[in-house]
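Here is what each chain is made of, one letter per residue.
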Amino acid sequence: MNSFSIPVSRRDFVKMAGLAAAGALVGGGTPRVAKASEGADGDIVEYAERKVPVLYDMDVCVVGGGPAGTAAAVSAARGGALTVLVERGVALGGLAVLGCVYPFMDTLAPDSDTPYVAEVKERLRAHGVEPYDGVTGQTWHNPETLALIYDEMCEEAGVNVLYQTVLVDVLRSGAAVTACIVQTIAGLGAIRAKVFIDGTGDAFLSRAADVPYEQGYEKTGSNQPLSFRFEMGGIDVKRVYKYVAVDLKEDWCKSKPPYYEIAEAMHRKQRYKLEAFMAKGVESGELTQEEAEYMQAYTIIGKNGVMSMNCPEIPVRFRASDPLSYSKAVVFGRKMMRHIADYLIRHMPGFEHAYISREAAMLGARESWRIRGKYYLVEDDYHNQSRFPDAVCRTAWFIDAHGEKVSEKLPKGAFYEIPYRSLVNDQVSNLITAGRCISASFILQASMRIQPTCMSIGEAAGVAAAWGLENGLEPNEVRWEDIPKEKRSYVSAG
Ligand SMILES: Cc1cc2nc3c(=O)[nH]c(=O)nc-3n(C[C@H](O)[C@H](O)[C@H](O)COP(=O)(O)OP(=O)(O)OC[C@H]3O[C@@H](n4cnc5c(N)ncnc54)[C@H](O)[C@@H]3O)c2cc1C
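Residues numbered from 1 in each chain as written. Predicted model: local features only at pLDDT ≥ 70, side-chain atom pairs only at ≥ 80, totals over all residues.

**Student:** What is the right way to read the domain arrangement of the protein from this model?
**Tutor:** Accessible area lost on assembly of the parts is the figure often given for the size of an interface. For the protein, the assigned domains are domain 1 (43-218 + 368-494) and domain 2 (226-365). Look at where the C-alpha atoms of domain 1 and domain 2 centre, and you get two points 29 Å apart. Residue-level contacts link 25 residues of domain 1 with 23 residues of domain 2. A per-class count over the side of domain 1 that touches domain 2 returns 10 nonpolar, 13 polar and two charged. (Domains from an automatic or database assignment. Contact = placed C-beta atoms within 7 Å. Nonpolar A, V, L, I, M, F, W, Y, C, P; charged D, E, K, R; others polar.)

This is the structure in C-alpha cells:
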C-alpha cells in the first residue's frame, strides 16, 4: 500500500460522496471534498528511474499558497473542480504571512476589489480585525488571522491543502503537464491533474514545464531588492507617534494609532523626517549606510505593541533568482535586521523595551522570474491605461521599482487592466500562471505585484480553470470574455 492518504478519481469521489451521505465516512464534510484515503496499490508514475506513488488525481492542482495561489484554489473549488493546493510552508498567505509582508497596499484603482478580495476583507472584520483605518486605502490585517481565514476558506470550499510539500518537477505529455512531482513530509509523490496553476511567485511550475521566462531588469540584470522582514514586540506605539508625528512634525502618515506607520527611504530621496535619525546611526558607526537607507514599520491590528518592519532592504548585489546568492542574503539580511532593531531599541522613543518577536519564514522577493505568455504587459500599458476584453482585474499601484527611477504616477481615478492572456502561454496548454510572476516586464511587474492585485489574478485563474473544465477547453484555449459575465470575477471597463 502507498504510505500516503490518497484521493481519488472523480468516479471514486462520487462513490465516497455517496458513502459520506450515508454517514459511512466520519465527519462527512462538504460534498466537494475529496476525502483522504489510501491510494490504489500500484498507482504510480515513473520519475527519474523511480516509482513514485500518485497522491492525488484531481481536476486542478495549484502549487504555491500565496495571495494568488490560495485565491486560485478557492475559486477553482467553488467552481466545482476537485482541487489540491500544494504549499511548502505551514501556512497559506505566502509573503503576506510567511514573509511578514503587511499590509495589503491600496491598488489606487477605483472599485478594484473583485469578490474574493472583498470577501477576505469581510472575513477579517468578522474575526475582529478592522481592515480600514478610515483614511488610507490600505488593508490592515493580522498575519495569523489571515492564515486562519485562508484555512477556513479552503476547508469550506473543499480544497485539499498539502502543507510542507515542495514542487520538485513536472511530467509532460505533448503540450500538457500530466503530473507534478512533489516532496512531502513522507517522501516523493505525484499529483495528477487536468489543469495546473502556478502560484509559486517564482514561476517554478511554469519554468519546470518549459514555459519561456525572464528575470531581473533588462537594463541592469538585477532583480528587485530582497528584504528580510520581521516584527518587533514590546513597543509603546503612542510614544513612537508622539516622537515622530508631534516632535519631528512628520505628517505624511495620515492615520493615527492603532493604525500607524513610520518610514524613511534615504536612497530614494523622499525627505522623510526620520532620515536624519537613521543617518546619525551611520555617523556613530551603529549602522551601515545600507542599513540606514530604508526603514519602515507598520502597527499590526490585533497585535498590540507589535510593528511589522518592512526592512532591512538587502543590497541588489544579492539576487532573488540565484540560490547561493539568496542564501547569503539570508545571513547578511539577518545581521542587518539585528543592527536596525538594536539601533531602534537604543534611540527611538517608544522602542526602549522592544525586541525582535518574529522573523519572516521566507525572504521577501519582490521580483524573481516572470513568464513570457500570450500577452506581455509593459510600462506603456500602465501609462496608456490599457483596457482588454479579457481583463481579469484593474490596478493602478505606482511603478515601485526600488532603486530605479520611478516614472510618473497615474492621475487619481486612472487605472490599467490585466488581461487573461498574460496568465497563459503558447507552450503548455493546461497551465495558468498567477500572481507576481505573470507575463510582464520588470517595470510593469513593479506595479502589478501588490497583494490585492495578485489575489484578483489568482481568483480569475481559478474561475477560468473550472469553467474551462466544465466546457471542455484547455486553459490556454479559454477566452475570458466568453465566460458568462455572472461567472467572471471581473468584467473589463473596456
Ligand atoms: C519586501 C516586500 C514588501 C512588499 N510590500 C507589500 C505591501 O506592503 N503590500 C502589498 O500589497 N504587497 C507588497 N509586496 C508584494 C507582495 O507581497 C507580493 O508580490 C505578493 O505576495 C505575491 O503574491 P504571490 O501569490 O504571487 O506569491 P508569494 O506571496 O511569493 O507566494 C508564493 C507561495 O508559493 C509557495 N511556493 C513557492 N515555491 C514553491 C514550491 N516549489 N512548492 C510549493 N510551494 C511553493 C511559497 O511558500 C509561497 O507561499 C511586497 C513584497 C516584498 C517582497
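**Student:** Just checking my understanding: could you explain the site of the ligand for this structure?
**Tutor:** Near the ligand you find 38 residues, and of these G64, G66, G94, G201 and G435 are the closest. At the level of secondary structure, the elements contributing two or more residues to the shell around the ligand comprise α2 (67-78), β5 (166-173), β15 (364-365) and α12 (451-470). Counting residues per element, the shell around the ligand draws most heavily on α2, at three residues. Of the residues that constitute the shell around the ligand, the class distribution is 17 nonpolar, 14 polar and seven charged. Residue contributions to the shell around the ligand reach at least three from each of two domains, namely domain 1 (43-218 + 368-494) and domain 2 (226-365). (Near = placed C-beta within 6 Å. Helix = DSSP H or I, 4+ residues; strand = E, 2+ residues; numbered from the N terminus.)

**Student:** Explain the environment of G64 to me, please; I cannot follow it from the model alone.
**Tutor:** Considering the arrangement of structural elements, one finds G64 in the loop between β2 (50-63) and α2. Sequence separation between G64 and A434 is 370 residues, and the spatial gap between their C-alpha atoms is 9.8 Å. Excluding residues that lie within four positions of it along the chain, G64 makes contacts with G69, E87, G94, D198, G199, T200 and G201.

**Student:** Sorry if this is basic, but what is going on with the environment of S357 here?
**Tutor:** The residue S357 is located in strand β14 (residues 355-359) in this model. Each C-alpha atom, one on S357 and one on S308, is 9.9 Å from the other, the two residues being 49 residues apart in sequence. Beyond its immediate stretch of four places on either side in the chain, S357 contacts E231, M232, G233 and V306.

**Student:** Looking at this model, I keep getting lost on helix α6 (residues 237-247). Mind explaining?
**Tutor:** Residues separated by three or four positions in an α-helix point in the same direction, a consequence of the helix having 3.6 residues per turn. Within α6 the residues assigned to the buried category are V240, Y241 and V244. In an axial view of α6, the angular spread of the buried residues amounts to 100°, which keeps them on one side of the axis. Opposite its buried face, α6 presents the exposed residues V246 and D247, each directed more than 90 degrees away. Tucked inside the fold, the buried residues of α6 contact β11 (261-265) and α7 (274-284). After α6 finishes, the residue K249 shows a positive phi value of roughly 55°. (Buried ≥ 20, exposed ≤ 12 C-beta atoms within 10 Å, placed from the backbone. Arc of directions from axis to C-beta.)

**Student:** I tried to follow the sheet that holds β11 on my own but got confused; where do I start?
**Tutor:** Sheet strands line up and pair through hydrogen bonds in the backbone, either parallel or antiparallel. Judged by pairing direction, the sheet is antiparallel, and its five strands sit side by side in the order β11-β12-β13-β10-β14 without closing on themselves. Each end of this open sheet is capped by a strand with a single partner; those strands are β11 and β14. Direction aside, neighbouring strands of the sheet carry axes that sit 25° apart on average. Here four bridges tie strand β10 (residues 230-233) to β14, and the two strands are oriented antiparallel to one another. Directly across from M232, in β14, lies its bridge partner I356. Seen against the sheet, α7 touches β11 and β12 (294-299) and runs at an angle of roughly 65° to β11. (Pairing = 2+ DSSP bridges. Axes fitted to C-alpha atoms, helices over the stretch in contact; angles between N-to-C directions.)

**Student:** Even after reading the chapter, I still don't get unusual backbone geometry, so can you show me in this structure?
**Tutor:** The general pattern is negative phi for most residues beyond glycine and trans for most peptide bonds. Note the cis peptide between Y102 and P103, where omega equals -10°. With respect to the secondary-structure elements, P103 resides in the loop between β3 (83-86) and α3 (115-126). Residue C311 is joined to P312 through a cis peptide bond whose omega torsion reads -5°. Relative to the helices and strands, P312 resides in the loop between β13 (307-309) and α9 (323-347). In this structure, Q164 is a non-glycine residue whose phi angle is positive, near 50°.

**Student:** I keep staring at the packing of α2 against α12 and nothing clicks. Help me out?
**Tutor:** Each packed pair of helices is defined by two parameters, the angle between the axes and the distance between the axes. The contact between α2 and α12 brings their axes to 7 Å, and the two run at 30°. Classified by the angle between their axes, α2 and α12 sit roughly parallel to one another. Two packed elements cross with a definite hand, and for α2 against α12 that hand is right-handed. On the side of α2, the interface is formed by P67, A68, G69, T70, A71, A72, A73, V74, S75 and A76, while α12 contributes Q451, C454, M455, I457, G458, E459, A461, G462, V463, A465 and A466. When the residues that make up the contact of α2 with α12 are grouped by side-chain class, the tally is 14 nonpolar, six polar and one charged. (Parallel < 35°, antiparallel > 145°, perpendicular 65-115°, else oblique. Left-handed = near helix turned anticlockwise from the far one by under 90°.)

**Student:** Can you help me understand the nonpolar core in this one?
**Tutor:** If you look at the biggest cluster of nonpolar residues, it comprises 155 residues, and the most contacted ones within it are C61, V86, C180, I191, I457 and A465. With 11 residues, the single largest contributor to this core is α12. Here this core gathers at least three residues from each of two domains, domain 1 (43-218 + 368-494) and domain 2 (226-365). Every residue in contact with C61, bar those within four places of it in the chain, is listed here: V84, V86, C180, I191, A193 and F196. (Core = buried A, V, L, I, M, F, W, Y, C linked by C-beta atoms within 7 Å.)

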